[in-house]
Amino acid sequence: MNRIFGSSSSKKPKPNLQDAISSTDTRMASVEVKIKKLDGELARYKEQMSKLRNGPGKNAIQERALRTLKQKRMYESQLAQLTQQTFNMESAALATENLRNTMATVDAMKQANKEMKKQYGKIDIDKIENIHYEMEDLLEQANEIQESLGRSYAVPDEIDEADLQAELDALELDVEEEGPSYLADLNKTPDFIDEPPVELSEAEHKEAVKTTA
């Protein structure tokens, strides 16, 4: 029976919107070519009528021009209908695509929601709080250890600033009582020199330098 009448699987698939739009665009292109051809004929008739005087010849050309003009108006009307059809189909295709994208987004959100519930179900808030408290205790212990290691054993915890100032003043008094040494006064002549140094004039100083050289 299938060999005679054919099977349902051999049926051609139904055209979709994109196929319909492509077919309509092809028809529109064909109509536009015809309209362009008629425009050329009308331009030729117009040129012929401008060269003829009123009479049977000019009237015949006018009748041809009228038939061509009517044919052009018919094609223009058909082109307008095809244009509107294409617009409607493109709008429907756009709405279908938007709906398809919306459904895909909804499915993705459902899947993400399911995964989030699955992951959050594994999390124990009480355990997180306990970890937080344990971290605080460990940090506090670490601070105590650092303070203990940084403690100075030679210096008392509390030092009186007034006592330090009094001790500093006493040291200054001891230095004044000892008196200045010979190093404090660089201009003083040492004891092992019998006579003080003689100051030379500028001319004598130059002569001494020449003699030495």
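Residues numbered from 1 in each chain as written. Predicted model: local features only at pLDDT ≥ 70, side-chain atom pairs only at ≥ 80, totals over all residues. Heavy atoms only, no water.

(A) Seen up close, the overall build of the protein chain. On a plain count of helices and strands, the protein chain comes out with 6 helices and 0 strands. Taking all 213 residues of the protein chain together, the buried fraction comes to 10%. The contacts in the protein chain between residues at least 6 apart in sequence include a share of 77% that link residues at least 24 apart. Just so you have it, the protein chain exposes about 19600 Å², and 55% of that area is on carbon and sulfur atoms. (Helix = DSSP H or I, 4+ residues; strand = E, 2+ residues; numbered from the N terminus. Buried < 20%, exposed > 50% of the residue type's maximum accessible area, 1.4 Å probe, protein only. Contact = heavy atoms within 4.5 Å. Areas by Shrake-Rupley, 256 points an atom, 1.4 Å probe, with all protein chains shown as cover.)

(B) Region of the structure containing the packing of aromatic side chains. In this structure the tally under the stated criterion is 0 aromatic pairs. Between the NZ or CZ atom of Arg44 and the centre of the ring of Tyr45, over which it lies, the distance is 5.5 Å. (Phe/Tyr/Trp six-rings, centres within 6.5 Å; stacked < 30°, edge-to-face > 60°. Lys NZ or Arg CZ within 6 Å of the ring centre and 35° of its normal.)

(C) Expanded view of the UniProt feature "coiled-coil region" (unreviewed entry) in the protein chain. UniProt annotation of "coiled-coil region" (unreviewed entry) refers to residues 28–55 and 99–148 when read in the numbering used here. Each end of residues 28–55 is marked by a C-alpha atom, and these two atoms are 39 Å apart; helix forms 86% of the span and strand 0%. (UniProt positions renumbered as here; feature names shortened; annotations may be inferred.)

(D) Main features of the pattern of salt bridges. Across all of its chains, the model carries 4 salt bridges by this definition. Measuring nitrogen to oxygen at the nearest pair gives 3.8 Å for the salt bridge that ties Glu76 to Lys72. Of the two residues, Glu76 and Lys72 both sit in helix H3 (residues 56–120), 4 residues apart, roughly one turn of that helix. Salt-bridge contacts for Arg100 lead to Glu97; the nearest nitrogen and oxygen are separated by 2.6 Å. Residue Arg100 and its partner Glu97 are located together in helix H3, separated by 3 residues, close to a single helical turn. Given a relative accessible area of 48%, Arg100 falls into the partly exposed group. You can call Glu97 partly exposed: its relative accessible area is 36%. When salt bridges that share partners are traced, they join Asp39, Lys72 and Glu76 into one network. (Salt bridge = Lys/Arg side-chain N within 4 Å of Asp/Glu carboxyl O.)

(E) Molecular detail of the nonpolar core. One finds Met28, Val31, Ile35, Leu38, Tyr75, Leu79 and Leu82 forming the largest nonpolar core, which totals 7 residues. Looking at this core, the element that brings in the most residues is helix H2 (residues 17–51), giving 4 residues. For Tyr75, the residues in contact, after removing those within four places along its chain, are Val31, Lys34, Ile35 and Leu38. Counting 5 residues, the second-largest nonpolar core is a separate cluster that includes Tyr45, Met49, Ile61 and Ala65. (Core = buried A, V, L, I, M, F, W, Y, C linked by side-chain atoms within 4.5 Å.)

(F) Quick look at a nonpolar patch on the surface. Side chains of Met116, Tyr120, Ile123, Ile125 and Ile128 sit close together on the surface and give an oily, nonpolar patch of about 530 Å² of accessible area. Here Met116 lies in helix H3. (Patch = residues over 30% accessible without salt bridge, like charges linked within 9 Å, V, L, I, M, F, W, Y side chains within 5 Å.)

(G) View of the confidence of the model for the protein chain. Per-residue pLDDT for the protein chain has a mean of 78; in total, 71% of the residues score no lower than 70. Per-element mean pLDDT across the protein chain ranges from 52 in helix H1 (residues 2–5) up to 90 in H3. (pLDDT = per-residue confidence, 0-100.)

(H) Spatial organisation of the side chain of Thr68. Within the element layout of this structure, Thr68 appears in helix H3. Residue contacts for Thr68: discarding those within four places in its chain leaves Leu38, Glu41, Leu42 and Tyr45.

(I) Seen up close, H2. Taking 1.5 Å per residue, 35 residues should reach 51 Å; H2 reaches 51 Å between its end C-alpha atoms and fits that length. What H2 keeps buried is the set Ile21, Thr24, Met28, Val31, Ile35, Leu38, Glu41, Leu42, Tyr45 and Met49. (Expected span 1.5 Å × (residues − 1).)

(J) Representation of a negative patch on the surface. A cluster of acidic side chains, namely Glu134, Glu136, Asp137, Glu140, Glu144 and Glu147, defines a negative patch on the protein surface. With respect to the helices, strands and loops of the structure, Glu134 is situated in helix H4 (residues 125–149). (Lys, Arg positive; Asp, Glu negative; His and termini not counted. Charge placed at Lys NZ, Arg CZ, Asp CG, Glu CD.)

(K) Structural detail: the packing of H2 against H3. One can describe the packing of H2 onto H3 by two numbers: an axis separation of 8 Å at closest approach and a directional angle of 160°. With respect to each other, H2 and H3 are oriented roughly antiparallel. At the point where H2 passes H3, the crossing takes the left-handed sense. Residues of the contact of H2 with H3, tallied by class, amount to 19 nonpolar, 11 polar and 11 charged. (Axes fitted to C-alpha atoms, helices over the stretch in contact; angles between N-to-C directions. Parallel < 35°, antiparallel > 145°, perpendicular 65-115°, else oblique. Left-handed = near helix turned anticlockwise from the far one by under 90°. Nonpolar A, V, L, I, M, F, W, Y, C, P; charged D, E, K, R; others polar.)

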